[in-house]
Amino acid sequence: MSHWAGRYVGDVWSSPDHDCWGFFRRVQKEQFNRDIPPFAVDAFSRRACAQAVESKPERGNWLPADAPREGDAVLLAHARHPSHVGLWVDADGGGVLHCMRGAGVVFQSVAQLKVSGWGHLEFYRHV
């Protein structure tokens, strides 16, 4: 991938420093100059991640978007409640750059995400 996102692919996942939220914060800062606050969450618990996504005040800085644009937050869910975050990248037809336990940083198209079990995506744009 010749897009800027390619330099992140393959980075390792580690909790709590480089889990999905830590990675999301890092890229938002490095690529979009946005300071996103940290928060403590048990990255090994999908339930804890889902509750954190729903309850943190930072969520108020992001508005739902119908169609994603470069840098938008993407909340991912296996079922109804999001438990994972990545960001939209316009490379190779568009997809999500995210950091997963066991795989590290990956770039996946929407079709690849669905095959991986992420059947529900929500897009949010920073205000």
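What you are looking at is a predicted structure, and each value in this text was computed from that prediction instead of being measured.

## Things to note about the side chain of Asp-19
Logical step 1: Structurally, Asp-19 can be placed in the segment before α1 (20–32).
Logical step 2: An unpaired buried charge is present at Asp-19: no salt bridge exists, and Arg-25, the closest side chain of opposite charge, is 7.7 Å distant.
Logical step 3: Of note is the side chain of Asp-19, whose polar atom sits 3.3 Å from the backbone nitrogen of Trp-21.

## Some remarks on the environment of Trp-62
Logical step 1: Take Trp-62: it is sitting in strand β1 (residues 62–65).
Logical step 2: For Trp-62 and Val-127, which are 65 residues apart along the polypeptide, the C-alpha to C-alpha distance reads 5.8 Å.
Logical step 3: In contact with Trp-62, not counting residues within four places along its chain, are Phe-24, Gln-28, Arg-34, Ile-36, Gly-71, Ala-73, Tyr-124, Arg-125, His-126 and Val-127.

## Here's the deal with the sheet that holds strand β6 (residues 120–126)
Logical step 1: Spatially, six strands are ordered β1-β6-β2-β3-β4-β5 in an open sheet, and the strand pairing comes out antiparallel. Two strands close off the open sheet at either side, each with one partner strand: β1 and β5 (104–108). Geometrically, the sheet is characterised by an average inter-axis angle of 35° between neighbouring strands, direction not taken into account.
Logical step 2: Each of β1, β2 (73–77), β3 (84–89), β4 (95–100) and β5 is contacted by α1, which is oriented at about 30° to β3, the strand it contacts most.

## With respect to unusual backbone geometry
Logical step 1: The phi angle at Asn-33 is positive, at roughly 55°, despite the residue not being glycine.
Logical step 2: Here Asn-33 is to be found in the loop between α1 and α2 (46–55).
Logical step 3: On the basis of relative accessibility, which here comes to 59%, the residue Asn-33 falls in the exposed class.
Logical step 4: In this structure, Asp-92 is a non-glycine residue whose phi angle is positive, near 50°.
Logical step 5: With respect to the helices and strands, the residue Asp-92 is situated in the loop between β3 and β4.

What counts, and where the lines are drawn
- Residues numbered from 1 in each chain as written.
- Predicted model: local features only at pLDDT ≥ 70, side-chain atom pairs only at ≥ 80, totals over all residues.
- Heavy atoms only, no water.
- Helix = DSSP H or I, 4+ residues; strand = E, 2+ residues; numbered from the N terminus.
- Buried < 20%, exposed > 50% of the residue type's maximum accessible area, 1.4 Å probe, protein only.
- Lys, Arg positive; Asp, Glu negative; His and termini not counted.
- Salt bridge = Lys/Arg side-chain N within 4 Å of Asp/Glu carboxyl O.
- Polar contact = N/O pair within 3.5 Å; in protein donor to acceptor, adjacent residues only side chain to side chain.
- Contact = heavy atoms within 4.5 Å.
- Pairing = 2+ DSSP bridges.
- Axes fitted to C-alpha atoms, helices over the stretch in contact; angles between N-to-C directions.

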